[in-house]
Structures are given as C-alpha cells and as structure tokens.
Amino acid sequence: MNLKKKQHIKLWLALLIAVVFCTIGSGFYRNLSADGAETYKGLKLFSDVIELVENNYVDPVDSKNLIEKAIQGMVHSLDPHSSLLSPEDFKELQIDTQGEFTGIGVSITMKDGFVTVISPIEGTPAYKAGIKAGDKIIKVNGKTTGDLRQAVKMIRGPKGTEVVVTIAREDAKKPIDFKIIRDIIPVESVKATVLKPGYGYVWITNFRDNTTDDLLSELEKLETNKIPLKGLILDLRDNPGGLLNQAIEVSDLFIEKGTILSIKGRKEKNTQIYKATPNKVKRNYPIVTLINGGSASAPEIVAGALQDQKRALILGTSSFGKGSVQSVEKLRDGYGLKLTIARYYTPSGRSIQAKGIQPDIIVKRRVIDKEDMDDISEGMLKEKDLQNHLEAVPEKGQEKKRKGGEKDKGHSKQDIEKAKFIYGQLKTEQLLTDNKVIRALDILLIY
C-alpha cells in the first residue's frame, strides 16, 4: 500500500475513532478501561481488514467509501434513528429545521424513476410560473436530474439567480422549459382557520425553529376575534416531528403547571425534567387533538403531555411510537453524528417507545377534497416495525427485534392530493369533509 493511501486510511480511522468516542463518552479519555483496550484492538483489526481489501480485492476500492459505510453500519446497528451524516446530509438537516430555505418552492419525490412534483408551494416562484403537481422534472439548467438528492441540490441556489427547470407533463407533447428566479421560500409549519364562530382549527405540520412563535401568532388571531374562542382543534396528523424544544414550548402554551416531559439517558447530562410555566394568556378552552400513525416524536410529546395533564381529548388512531431523543454532534470534515441519547416519558411516566400514543376516541377514516379514502398513515410502518428499534424500557440481555422494513413505494395519487391540501391555503369547506375534524367539532360543540 502506498504512502498516500495509508494517510487516507489514517484520516478516516481518525473519523471512526471520533465516532467511537462520541458513542462511549468523554470519560473514555480519563480512564482507559479494559473495554477501551478492546476498542483499540478492534480498530487495529479494522485497519488490517481495510489494508487487505485495498491490496487484494478483485476490483479497485475506494477506502473512504468503505470506511464511511462501515461507520454507518456500526451506528445503524444501534437503532434506526442513529446515523452518520455526510456533509450534504448534515447541511440538509440544518435547513430542514429552519423556517426558510432558498429555492423555487416545490415539494418533490421519486416516482416511477422520475423526480416528480408532489405540489408547488402556494405563492412561491414555482407556483407563479405554473408548475403543477405530477410534473416530472427531467432537467435542471440543461443537465439531467439523477436522484432526488441531486435534483434538490441543482434546484436550490442563491436568491435572485435564475434556474431553468425542464418539465415533462402528461398532457404536453414535448418537454416544457420554465425559467424561474430563485427566492427565499418560507416554510409554514402552522396553519389555522375558524371552522365556526368561536371554534378554531390549527394544523402543525412539523416542528421547526419558528413553530411556537407561528402557533402563538395564529392563536392570538383566533383569541382576539369578536366571538371568544370556545374550543380548539389541534391537528398533529402526519407530523413527522422536529425539534424537541419546540414540542415542549408548544405544550407549555396550553399547560399551566406540572410536568410536560421527562427524558432519561445513560448519562446524567441527558436526563432532565421539563416543567410547565404559567402563561400570560390563560387558555382554558377545551381542546381536541388529532393524531394518526404519521404523528411521530415531537407531536407525540405534545399529545402525551396534553393527554396526561387532562388538557385535551386525543382523537384519531395510534401514533408512530418514537419515544427516543437524538442529539447531533458535529464531526470533522463537515460530517455529523445523529445519536440516540435518551428515552422520553410523558407526565405520568409512560414510555411510548414502540407503542405510540393511544387516542381517547378512535376514528379511522379521513376525507380530503370530498374523496372518501383510507387514512394514508394507518397502513404505514411504525416504530415497532423498524429494524433494531429500542424497547420502551431497557432490559439486560434483551435482544432487539430485527424486522425488515418495506421499501418506499413512492407517492400515490392520494398522496399528491394530500400534498395539495398541505401546501395550499386551508379551506373550511375542505376541512368540514374530514370526518375526524367533524367528530372533533361535534365534541367541542357539546362540551
């Protein structure tokens, strides 16, 4: 093996050691135990294997790629939510938790091998240019789009710059070029409307940096109407989660005292109890909270807190069941490590890990745009189905379940219709065709 390759491997072994130290903890440095010695022996074995593969494998190999996959495999073996983040993924994670990004304003997915528009976000450059749900993005600036990540990278860019997006549309004979000027795309995580005088509806689609502020703003609008707010529907369905602090702050808006959440980790620094604080505005009106199988992590924290503190009635179907907390550590060369550090517990001490929040009232159907359809999330995989998922309570010698997950089947026509509903403006007539909303409103009206 030449000197350059050896230096390359040493660099990546340094990254591997950094990940191991993040996993073991800083105490490792101060007290090199028998376990630490075994770790170093394992790293030496790893180095030997890499050297043999480099020198003898039938085809040339990329040592950087091999070691990155080895680290990913090590971290993934812990649980499904721990992972090594490449520099690109680390940046994307940071963007995902912010309240805005720069681009053209489309939600996209891979469908039938093509980068496909789920929906343009209303009011954005893509929406104004005429891009539609179902359009296939085949080129960006004349270059063919490969996978989803590549397409996102090509579409995004500095504010004020032009991008040419080539679309294949079902009813068009030839591809269409759209010249679009990139802009800052605000990400709305909260939408609200009045269903009936005195009865409000708020939908939190995810938990980002600005979610609590946005929710507070919408609540103030509902609460300062001519008719006082008599009841609220808080919709947390299909909410994939987000920032822990935002889930706690959202819960705190509706709870005056007592525990909101407790988290317990192996390290003392990862064990904490979060308490409610008195609010200037006392929100004593009744609340019905909607959840389903797509409500994961942060929305489960909110639903669990409101349920245990007798602050809301929970309606819908059981939630996803992600009762763990992850932290993100910055590594060298732009990499990041997302690591599960604790389990969380509702105010009554329940762990919902691999169990989910159980609704007080089960309602299994949902209607969007006057189309009666199954709740999309009811048939989806949940935490308990994921390979290597944590159990609610750690037990010595307990083996992790190793169920294989299904592959993503892509977005159906129903998914696209739902996306239109998410990214468009809330319409009362649409909401009143949703039987979970109708049932929640009926409960509030007779409260």
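In this text the structure is predicted, and so the values were computed from the model without any measurement.

Draft legend 1. Structural view of the overall build of the protein chain. A count of helical and extended segments in the protein chain gives 13 helices and 21 strands. Within the protein chain, the fraction of its 447 residues that count as buried is 47%. Look at the contacts in the protein chain between residues 6 or more apart in sequence, and 70% of them connect residues 24 or more apart. Total accessible area on the protein chain stands at roughly 23,300 Å², and carbon and sulfur atoms take up 52% of it.

Draft legend 2. Region of the structure containing the side chain of Ser251. By secondary structure assignment, the location of Ser251 is in helix α9 (residues 244-252). Exposure remark for Ser251: the relative accessible area of 0% places this residue in the buried category. Leave out the neighbours within four places in its chain, and Ser251 touches Ile260, Ile301, Val302 and Ala305.

Draft legend 3. Examining the pairing of strand β2 (residues 100-103) more closely. Only one face of β2 is covered, namely the face carrying Phe101 and Gly103; the face carrying Glu100 and Thr102 is uncovered. Pairing analysis gives four bridges linking β2 to strand β9 (residues 183-186), with the strands arranged antiparallel. Directly across from Phe101, in β9, lies its bridge partner Ile185.

Draft legend 4. Layout of the nonpolar core. By size, the foremost hydrophobic cluster in this structure holds 38 residues, and its most contacted members are Val202, Ile204, Leu215, Leu234 and Phe254. Counting residues per element, the ones that place at least two in this core are β11 (199-204), α8 (211-223), β12 (231-235), α9, β13 (259-265), β15 (287-291), α10 (298-308) and β18 (336-345). In terms of residue count, the dominant contributor to this core is α10 (six residues). In this structure Leu234 touches Val202, Ile204, Phe254, Ile287, Val288, Thr289, Leu290, Val302 and Leu306, once residues within four positions along its chain are discounted. Val140, Ile167, Phe178 and Ile180 belong to the second-largest nonpolar core, a separate cluster that totals 17 residues.

Draft legend 5. Representation of the packing of aromatic side chains within the structure. Following the criterion strictly, the structure yields zero aromatic pairs and no others. The positively charged end of Arg156 is found above the aromatic ring belonging to Phe101, 4.6 Å away from the centroid. For Lys264, the ring lying beneath its charged end belongs to Tyr345, and the centroid distance is 4.9 Å.

Draft legend 6. Spatial organisation of the sheet that holds strand β10 (residues 190-196). Spatially, the six strands line up as an open sheet ordered β10-β11-β12-β15-β16-β19, and their pairing is mixed. Only two strands of the sheet have a single partner each, and these edge strands are β10 and β19 (361-362). With four bridges joining them, β12 and β15 adopt parallel strand pairing. Its bridge partner lying in β15, Leu232 is registered against Ile287. Against the sheet, helix α13 (residues 435-445) makes contact with β10, β11, β12, β15, β16 (313-316) and β19, and its axis sits at roughly 165° relative to β15, the strand it touches most.

Draft legend 7. The pairing of strand β4 (residues 114-120), seen in detail. Judged by how many residues are buried, β4 sits mostly within the fold: six of seven residues are covered. Judged from the six bridges that link them, strand β3 (residues 106-111) and β4 form a sheet pairing that is antiparallel. Bridging from a neighbouring strand, Ser107 pairs with Ser119 of β4. Between β3 and β4, which pair antiparallel in sequence order, lie two residues; one of them, Asp112, sits at a positive phi of approximately 55°.

Draft legend 8. Structural context of the pattern of salt bridges. Enumeration according to the criterion identifies 13 salt bridges in this entry. A salt bridge links Arg237 to Asp434; its shortest N-O distance comes to 2.8 Å. Here the residue Arg237 occupies a position in the loop between β12 and α9, and Asp434 occupies one in the loop between α12 (428-431) and α13, the gap between them amounting to 197 residues. The class for Asp434 is buried, based on a relative accessible area of 1%.

Draft legend 9. Molecular detail of the environment of Thr205. Within the fold, Thr205 resides in the loop between β11 and α8. On the basis of relative accessibility, which here comes to 12%, the residue Thr205 falls in the buried class. The sequence separation of Thr205 and Leu236 amounts to 31 residues, and the corresponding C-alpha distance is 6.8 Å. Polar side-chain contacts of Thr205 include one of 3.4 Å to the backbone oxygen of Glu188.

Draft legend 10. Up close: the packing of α8 against α9. One can describe the packing of α8 onto α9 by two numbers: an axis separation of 9 Å at closest approach and a directional angle of 25°. Viewed along their axes, α8 and α9 adopt a mutual orientation that is roughly parallel. Residue-level inspection shows Thr211, Thr212 and Leu215 of α8 in contact with α9, the latter providing Gln246, Glu249 and Val250. Of the residues in the contact of α8 with α9, the class split is two nonpolar, three polar and one charged.

Draft legend 11. Geometry of the confidence of the model for the protein chain. On average, residues of the protein chain score 84 in pLDDT, and 82% of them reach the 70 mark or higher. Scored below 50 in pLDDT, residues 366-377 shows 38 contacts in the model against residues more than four places distant or in partner chains. Counted against residues more than four places away or in other chains, residues 397-414, with its pLDDT under 50, gives 28 contacts.

The rules behind the values
- Residues numbered from 1 in each chain as written.
- Predicted model: local features only at pLDDT ≥ 70, side-chain atom pairs only at ≥ 80, totals over all residues.
- Heavy atoms only, no water.
- Helix = DSSP H or I, 4+ residues; strand = E, 2+ residues; numbered from the N terminus.
- Buried < 20%, exposed > 50% of the residue type's maximum accessible area, 1.4 Å probe, protein only.
- Contact = heavy atoms within 4.5 Å.
- Areas by Shrake-Rupley, 256 points an atom, 1.4 Å probe, with all protein chains shown as cover.
- Pairing = 2+ DSSP bridges.
- Core = buried A, V, L, I, M, F, W, Y, C linked by side-chain atoms within 4.5 Å.
- Phe/Tyr/Trp six-rings, centres within 6.5 Å; stacked < 30°, edge-to-face > 60°.
- Lys NZ or Arg CZ within 6 Å of the ring centre and 35° of its normal.
- Axes fitted to C-alpha atoms, helices over the stretch in contact; angles between N-to-C directions.
- Salt bridge = Lys/Arg side-chain N within 4 Å of Asp/Glu carboxyl O.
- Polar contact = N/O pair within 3.5 Å; in protein donor to acceptor, adjacent residues only side chain to side chain.
- Parallel < 35°, antiparallel > 145°, perpendicular 65-115°, else oblique.
- Nonpolar A, V, L, I, M, F, W, Y, C, P; charged D, E, K, R; others polar.
- pLDDT = per-residue confidence, 0-100.

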